[in-house]
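Letter by letter, the chains look like this.
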Amino acid sequence: MTVHTLSVLVENRPGVLARIAGLFSRRGFNIDSLAVGPTEDSSVSRMTIVVNVEETPLEQVTKQLNKLVEVIKIVELDDRDSIEKELMMVKVKADVNNRGQVVDAIALFRGKVVDVAPDTITVQLTGNADKLRDFVAVMEPFGIRELVQSGMVAIGRGSRSITERAKPLAVPVEQPA
Amino acid sequence: MTEQSASDSSTGESVTGAQSLIKSLEHAGVKDIFGIPGGAILPAYDPLYDSKIRHILVRHEQGAGHAAQGYAVATGGVGVCMATSGPGATNLVTPLADAHMDSVPMVAVTGQVGAASIGTDAFQEADIRGITMPITKHNFLVTNPADIPRVVAEAFYLARSGRPGPVLVDVAKSALQAQTSFEWPTEISLSGYRPVTRPHSKQIREATRLILESRRPVLYVGGGTIRSRAHKELRQLAELTGIPVVTTLMARGAFPDSHPQHLGMPGMHGTVAAVAGLQKSDLIISLGARFDDRVTGALDSFAPGAKVIHADIDPAEIGKNRAVDVPIVGDCREVIADLVAALTAEQEQGNTGDYEGWVKFVAGVKMRYPLGYDTPPDGTLAPQYVLERLSHISGPESIYVAGVGQHQMWATHFIQYENPNTWINSGGLGTMGFAVPAAMGAKVGRPEATVWAVDGDGCFQMTNQELATCTIEGIPIKVAVINNESLGMVRQWQTLFYEGRYSNTDLQSKRIPDFVKLADAYGAVGLSCESPADVDETIKKAMEVDDVPVVVDFRVHRDAMVWPMVPAGTSNDDINYARGLAPEFEEDDL
Ligand SMILES: Cc1ncc(C[n+]2csc(CCOP(=O)(O)OP(=O)(O)O)c2C)c(N)n1
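Predicted, not measured: the structure shown is a model, and the values here were computed from it. (Residues numbered from 1 in each chain as written. Chains lettered and ligands numbered in written order. Predicted model: local features only at pLDDT ≥ 70, side-chain atom pairs only at ≥ 80, totals over all residues. Heavy atoms only, no water.)

*Asks:* Quick one: what's the story with unusual backbone geometry, residue by residue and with numbers?
*Replies:* All names here are of chain B. The omega torsion of the bond from isoleucine 512 to proline 513 falls at -5°, within 30 degrees of zero and hence cis. By secondary structure assignment, the location of proline 513 is in the loop between α22 (488–497) and α23 (515–521). Even without being glycine, arginine 229 reaches a positive phi, approximately 55°. Tracing the backbone through its elements, the reader meets arginine 229 in the loop between α11 (224–227) and α12 (231–241). Judged by relative accessible area, which is 42%, arginine 229 ranks as partly exposed. For asparagine 504, which is not a glycine, the phi torsion comes out positive at approximately 55°. (Helix = DSSP H or I, 4+ residues; strand = E, 2+ residues; numbered from the N terminus. Buried < 20%, exposed > 50% of the residue type's maximum accessible area, 1.4 Å probe, protein only.)

*Asks:* Before we move on, can you summarise the pattern of salt bridges with the specific residues and values?
*Replies:* The final tally for this structure, using the stated rule, is 32 salt bridges over all chains. B:Arg333 is paired through a salt bridge with B:Glu233; the nearest N and O atoms lie 3.3 Å apart. Placement of B:Arg333 in helix α15 (residues 332–348) and of B:Glu233 in helix α12 is noted, with a sequence separation of 100 residues between them. Several salt bridges converge on common partners, so that one network encompasses A:Lys67, B:Arg163, B:Asp314, B:Glu317 and B:Lys320. (Salt bridge = Lys/Arg side-chain N within 4 Å of Asp/Glu carboxyl O.)

*Asks:* An account of the nonpolar core is requested, with residue identities and associated values reported.
*Replies:* Residue and element names in this part refer to chain B. Grouped together as the largest cluster of nonpolar side chains are 49 residues, with contacts concentrated most on Phe34, Ile399, Val401, Ile424, Phe460, Ile477 and Val479. Apart from the residues within four sequence positions on either side, isoleucine 399 is in contact with Ala74, Asn421, Thr422, Ile424, Ala442, Arg446, Ala449, Thr450, Val451 and Trp452. Listed in part, the 41 residues of the second largest apolar core include Val78, Val80, Phe140 and Val142. (Core = buried A, V, L, I, M, F, W, Y, C linked by side-chain atoms within 4.5 Å. Contact = heavy atoms within 4.5 Å.)

*Asks:* A description of the sheet that holds strand β1 (residues 2–11) of chain A should follow, citing residues and the corresponding values.
*Replies:* Residues and elements named next belong to chain A. Pairing within the open sheet is antiparallel, and its four strands lie in the order β2-β3-β1-β4. Edge positions in the open sheet fall to β2 (31–38) and β4 (71–77), since each of these has one partner strand only. Recorded for the sheet is a direction-independent mean angle of 20° between the axes of neighbouring strands. Bridge analysis of β2 against strand β3 (residues 44–53) gives seven bridges, and the strand direction is antiparallel. (Pairing = 2+ DSSP bridges. Axes fitted to C-alpha atoms, helices over the stretch in contact; angles between N-to-C directions.)

*Asks:* With reference to specific residues and values, describe the site of the ligand.
*Replies:* Residues and elements named next belong to chain B. The environment of the ligand is made up of 16 residues, and the closest members are Gln406, His407, Cys459, Gly488 and Met489. Between an oxygen atom of the ligand and a main-chain N or O atom of glutamine 406, the distance comes to 2.8 Å. Contact distances for the ligand include 2.9 Å between an oxygen atom and a side-chain N or O atom of asparagine 484. In the complex, the protein chains occlude 75% of the 580 Å² of accessible area that the ligand would expose alone. (Near = heavy atom within 4 Å. Polar contact = N/O pair within 3.5 Å; in protein donor to acceptor, adjacent residues only side chain to side chain. Areas by Shrake-Rupley, 256 points an atom, 1.4 Å probe, with all protein chains shown as cover.)

*Asks:* I'd like a description of the sheet that holds strand β15 (residues 399–402) of chain B, backed by residues and values.
*Replies:* Sheet strands line up and pair through hydrogen bonds in the backbone, either parallel or antiparallel. All names here are of chain B. The six strands lie next to each other as β16-β15-β17-β18-β20-β19, forming an open sheet whose pairing is parallel. Of all the strands in the sheet, the pair left with one neighbour each is β16 (423–424) and β19 (525–529). Looking at chain direction, β19 and strand β20 (residues 550–555) are connected through five bridges and run parallel. Across the sheet, leucine 527 pairs through a bridge with valine 552, a residue of β20. Its contacts with the sheet put helix α17 (residues 383–394) on β15, β17 (451–456), β18 (478–483) and β20, and the angle it makes with β17 is roughly 175°. Of the strands in this sheet, β15, β16, β17 and β18 touch helix α18 (residues 406–414), which is tilted by about 140° from β17.

*Asks:* I'd like a rundown of the environment of B:Arg129, residues and numbers included.
*Replies:* Relative to the assigned elements, B:Arg129 resides in helix α7 (residues 128–132). Residues B:Arg129 and B:Asp170 lie 41 residues apart in sequence; the distance between their C-alpha atoms is 7.0 Å.

*Asks:* An account of the domain arrangement of chain A is requested, with residue identities and associated values reported.
*Replies:* Residues and elements named next belong to chain A. Partitioning chain A into domains gives domain 1 (2–81 + 157–164) and domain 2 (83–153). Relative to domain 2, the C-alpha centre of domain 1 lies at a distance of 29 Å. Facing eight residues of domain 1, the contacting portion of domain 2 comprises five residues. Across the domain 1/domain 2 interface, buried area totals approximately 550 Å², and carbon plus sulfur atoms make up 59% of it. Inspection of the region where domain 1 meets domain 2 yields zero salt bridges. The interface formed by domain 1 and domain 2 contains two residue pairs in polar contact (both at pLDDT 80 or more). Put simply, the parts of the chain that give the side of domain 1 that touches domain 2 at least two residues each are β2 and β3. (Domains from an automatic or database assignment. Buried area = accessible area lost by both parts, 1.4 Å probe.)

*Asks:* Explain the pairing of strand β4 (residues 79–83) of chain B to me, using residue names and the numbers behind them.
*Replies:* All names here are of chain B. Counting buried positions along β4 yields five of five residues, so the element is predominantly enclosed. Neither face of β4 is exposed, since Gly79, Cys81 and Ala83 on one face and Val80 and Met82 on the opposite face are all buried. Bridging between strand β2 (residues 32–35) and β4 involves two bridges; their strand directions are parallel. Of the residues in β4, the one forming a bridge with glycine 35 is methionine 82. With five bridges joining them, β4 and strand β5 (residues 106–112) adopt parallel strand pairing. Each residue of the ladder has a partner; that of cysteine 81, found in β5, is alanine 108.

*Asks:* Before we move on, could you go through the interface of chain B and chain A and cite the residues and values that matter?
*Replies:* Counting residues at the interface gives 30 residues for chain B and 30 residues for chain A. Buried area between chain B and chain A, both sides added, is near 2500 Å², and the carbon and sulfur share of it is 53%. Our count for the chain B to chain A interface comes out at two salt bridges. Among the ionic pairs, B:Arg160 bridges to A:Glu174, the shortest N-O distance being 3.8 Å. Run the count over chain B and chain A and you get 11 residue pairs in polar contact (both at pLDDT 80 or more). Of all the secondary-structure elements, those providing two or more residues to the side of chain B that touches chain A are β6 (138–142), α8 (148–160) and β9 (187–189) of chain B. Top contributing element to the side of chain B that touches chain A by residue count: α8(B), with four residues. In terms of residue class, the side of chain B that touches chain A is built from 15 nonpolar, seven polar and eight charged. In this structure, strand β10 (residues 170–172) of chain A lies alongside β9(B), joined through three bridges in antiparallel fashion. Residue pairing for β9(B): A:Pro172 is matched across the bridge by B:Glu187. (Nonpolar A, V, L, I, M, F, W, Y, C, P; charged D, E, K, R; others polar.)

In structure tokens:
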């Protein structure tokens, strides 16, 4: 099994997420992570879907996704040719005695402290999956109170844009005779 | 359509959402709708009362859905059904799933609770859009009445274009009641939907090369050839090349059964010649078929020596189950026409395939292992005989609609099909109860044709309430109940794989219900037949009735089995043409 990152442009309409999630579960494809958000075009949303499948099933995933009427375009992003980021926020135990230590560790990962309480620090960190995993390993000994993580978002390197798209094809509607 | 209503379309006249819906359906060319009203869809039934669209009031929404399917297949157009919210809509689930599996173009219109109540568990609320997402080609929920004409236009376009399928349009009651303006769109644009119908010329060249190089090719013809009306082109291709043809359960009628190149139906209950034809081929030319498990048997031993050309309008079918050498995305009719042109050009250059040994081999298999059956020793009625006679007497211009089970397999084998869209059945989903309502729909679409439902006594008891609809609406279908007093197909598996332990397959339907009385109660003619000597006369009697439905209770021998058979999950090499009898192939002929 290998991990593939799919960028999926979809029409920004109610129910699209349910359609896509339903398709994955019904065809037995596993989603590692999924992130949805707006794009520069308000009528289009972009999903970044990370799937863990073999090559042939991947082709099925994209072909089946393509059959959804609201899916406009699918691009597989190659991790060597794209920037992939996830966002994590972690609430770590930290009091007067070890706060300095915790802050040092956070600095090593270029994390950002976004909230401080007498007995915890909340850190925000972005990066790829490896970096976030390493950071969690370092924080664990201090005691993680709470952790939240976004799905991955990714964008290709260089000046090419995947959202530039051909104008939608207009189909004439049959008129009654 | 009158000139006046056509000119309405550009004015954007003020109407209710319900009027807009009915006008949209009229503009989409709808002539017949099968349905049942209820609270949420009620506003639409008011303008429907004045419309020239014929609404056929069915007795169960499942009947409306299957009727729309039968109508669509028989006419080649889009079938339409209508239901109210909640239970009305959920009753359409089975027909929608059925149409999705068999790529039947249909539009289902359902009422939904008012927009403000959606999500509150309101009376008769069901999230039918959510429920039907996996079993429709696409579906819509309309809450803004201004969207109605566009959505209806899109729904019909989606249902019939590309790979056809069912589309559901769920309309909130509030949208039906609101005031809006009606304007029929002149164009639609769906940015994520562009079916490819023209095949790629490079793939056609590659396919042509493989066809000429192969020595043991076979045309594996699926339902896509019927949906794309490709039967003429298919016959040209077959006769131009001499390549043997197999037609799947969904493609029966796409190629004449009487044609010498026809090997019959492949698959679990396929003919020995069709199964062997695929199994021993060196090139499978798949035309609108999908390598379904009922055709391939165990995939890893299916046609091990064959290269594959796979032509389909749906790219997701290509390579899904079987690896492909030449993929061709396109409409079957265009693909076949292009292949005919390319192969004709080759022939003019003197390039033809050499299939002589192969054609002789499959012809030999076909001769040695014809379809057959044992006549019951006790003089009781063989179900296969009934279907042979029905085919002979009613003929190949009739439409035959089957339920699901043994009778379906006998109907596909022992009735001779010569024309497309004359065989209608539930292939992918295998829905018991399909036959009566689908036959009703077919008869509405093709009133001049004789329409026979060939049903099992089990299936018939699932949807025979539509006989009331048929009698009242003047839809004189004919029903041949192949009454073996059991859930025969399941019983056959119990005979073969469960040591004859007949758990819950005995229906006792030679006793209860009395099908003749049941027919009578519905205002239909009821006939009964249990002796081979009476079969012809009974069928002829049924043929003479043309004003009301006829039900014939053919009381057949209960132990008849469907042969040939490849047990589920095993290799096609393990086909038996009768119990315990495996064919022997003289491979030297190859
Ligand atoms: C709705 C539904 N329920 C159950 C089945 C499983 N099933 C397949 S064939 C069959 C028996 C059908 O019996 P009958 O209609 O009498 O036809 P026969 O096989 O006897 O010809 C059953 C129960 C099914 N296909 N569809």
